[in-house]
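# Residue-level structural notes
Below are the chains, spelled out letter by letter.
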Amino acid sequence: MASKGNALRVTLRTKETKKYRIRVEQDIPVHPAPSRVFARIEERATSRALEVPVAQVRFHDDAPSLVDRLSLVDEVLTIHPRKSFRAELIGRDYELPLKVSLRELVEPGGG
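Model, not experiment: these values are computed from the prediction. (Residues numbered from 1 in each chain as written. Predicted model: local features only at pLDDT ≥ 70, side-chain atom pairs only at ≥ 80, totals over all residues. Heavy atoms only, no water.)

Quick look at the overall build of the protein chain now. Scanning the protein chain from terminus to terminus reveals 3 helices and 8 strands. Per-residue burial over the protein chain gives 37% buried out of 111 residues. A sequence separation of at least 24 residues applies to 41% of the contacts in the protein chain between residues at least 6 apart. (Helix = DSSP H or I, 4+ residues; strand = E, 2+ residues; numbered from the N terminus. Buried < 20%, exposed > 50% of the residue type's maximum accessible area, 1.4 Å probe, protein only. Contact = heavy atoms within 4.5 Å.)

Let us look at the pairing of strand 8 (residues 98-101). Alternating positions in strand 8 separate cleanly, Leu98 and Val100 being buried on one face and Lys99 and Ser101 remaining unburied on the opposite face. As defined by bridge partners, strand 7 (residues 76-79) adjoins strand 8 across 4 bridges and the pair is classed as antiparallel. In the strand pairing of strand 8, Val76 is matched with Ser101. (Pairing = 2+ DSSP bridges.)

Reading across from one edge, 6-7-8 is the order of the 3 strands in this open sheet, with antiparallel pairing throughout. Looking at strand neighbours, the two that pair on one side only are strand 6 (70-73) and strand 8, the edges of this open sheet. Pairwise comparison of adjacent strand axes, ignoring direction, gives a mean angle of 20° for this sheet. (Axes fitted to C-alpha atoms, helices over the stretch in contact; angles between N-to-C directions.)

A few words now on the nonpolar core. Counting residues in each nonpolar core, the largest one holds 23 residues, and the members touching the most others are Val37, Ile41, Val54, Leu77, Ile79 and Val100. Broken down by secondary-structure element, the contributors of at least two residues to this core are strand 3 (20-28), strand 4 (35-43), strand 5 (49-57), helix 1 (63-66), strand 7 and strand 8. Among the elements that make up this core, the one with the highest residue count is strand 5 (5 residues). (Core = buried A, V, L, I, M, F, W, Y, C linked by side-chain atoms within 4.5 Å.)

Before going further, it helps to examine the pattern of salt bridges. Using the criterion set out here, one finds 12 salt bridges in the structure. The partner of Glu51 in a salt bridge is Arg9, and the shortest N-O contact between them spans 3.0 Å. Separated by 42 residues along the polypeptide, Glu51 in strand 5 and Arg9 in strand 2 (residues 7-16) bring together distant segments of the chain. In this structure, Arg48 engages Glu43 in a salt bridge whose closest nitrogen and oxygen atoms are separated by 3.1 Å. Each of the salt bridges in this network shares a partner with another, and the network as a whole consists of Arg9, Arg23, Glu25, Asp27 and Glu51. (Salt bridge = Lys/Arg side-chain N within 4 Å of Asp/Glu carboxyl O.)

By themselves, these observations are geometric and do not establish any function.
Now the structure itself:
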């Protein structure tokens, strides 16, 4: 957890592979501003990092329901939602699972 200006940044989930260090985080701003969920991906060999927004949530307590299991297949990070009744209700308002392409990190310039 870290303070970032007028927002609080909370880590929701982490994962490390041989190639990447991944953190899914949430900014919790002062109410009524929406909360944003980010994925921070760091390539371990080069320490190059990419931080991309993956979702904007209306209420800060929606974000933990959207983030459970992280999977990485063919340079695409998939953020799977939790499997609970509450998470299913919240998930109806979002396009799930959340996906992030890592091609920008692997191929600088997004090529």
